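Chain by chain, the residues:
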Amino acid sequence: MSNQESRLQQACIKWVRYQYPDLIIYAIPNGGKRNAVTGAILKAEGVLAGVADLFVAKATPHHHGLYIEVKTAKGRQADSQRAFEEAVTREGYRYELCRSFEQFVHIIRTYLQPTANS
C-alpha cells in the first residue's frame, strides 16, 4: 500500500470509528514488504493475495458484509484483487473500490441504510 493510500485509509478509519463507534471495521494487512521467511509463514497461516484492505462485519438484508479496497485516484487493482472481488460478490458480500475520503463516507452511509443495499 502506498503512503497516499495509507493516509487515506487512516483518515477513513478515524472517521468511521468516530461516526459509528459500534461498527466492526478492520484492516486486513496483506500488503507491505516482508522478508522471505515472514512471507512463507504468513502464507502458511492463510494470507491470501488480493484480499481487500478493509472489512465491515455487518450484514444487511442484501449482503453478508462489506469489503473495501483503498486505492489512489490513479491506483489500479491487481489481477488477484479483481479475482477476490468476483469471488466474494458471488458469495453475497458487497465489494467497493474507494478512491477518496468523500467516496468512503458515501460507501459507508449507503451500505448502512437498510433500503439502499441492492
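Here, the structure is the one placed above.
A. Fine view of the side chain of Gln81. Its place among the elements puts Gln81 in helix H3 (residues 79–90). Within polar-contact distance, the side chain of Gln81 engages the side chain of Lys71 at 3.2 Å. What Gln81 contacts, discounting residues up to four positions off in sequence, is Gly50, Glu69, Lys71, Arg76 and Tyr95.

B. Representation of the state of the cysteines in the model. Tallied over the full model, the rule gives zero disulfides. Cysteine Cys12 remains unbridged, with the sulfur of Cys98 as its closest cysteine sulfur at 4.8 Å. Given a relative accessible area of 0%, Cys98 falls into the buried group.

C. The packing of aromatic side chains, seen in detail. Following the criterion strictly, the structure yields nine aromatic pairs and no others. Taking 5.9 Å as the distance between ring centres and 75° as the angle between the ring planes, the aromatic pair formed by Trp15 and Tyr20 counts as edge-to-face. Using a relative accessible area of 13% as the deciding quantity, one classes Trp15 as buried. Taking relative accessible area as the criterion, Tyr20 reaches 27% and is therefore assigned partly exposed. Three or more aromatic residues link up through ring pairs in this structure, and these residues are Tyr26, Phe55, Tyr67, Phe84, Tyr93 and Tyr95.

Thresholds applied
Residues numbered from 1 in each chain as written. Predicted model: local features only at pLDDT ≥ 70, side-chain atom pairs only at ≥ 80, totals over all residues. Heavy atoms only, no water. Helix = DSSP H or I, 4+ residues; strand = E, 2+ residues; numbered from the N terminus. Polar contact = N/O pair within 3.5 Å; in protein donor to acceptor, adjacent residues only side chain to side chain. Contact = heavy atoms within 4.5 Å. Disulfide = S-S within 2.5 Å. Buried < 20%, exposed > 50% of the residue type's maximum accessible area, 1.4 Å probe, protein only. Phe/Tyr/Trp six-rings, centres within 6.5 Å; stacked < 30°, edge-to-face > 60°.

These figures capture arrangement, not role.
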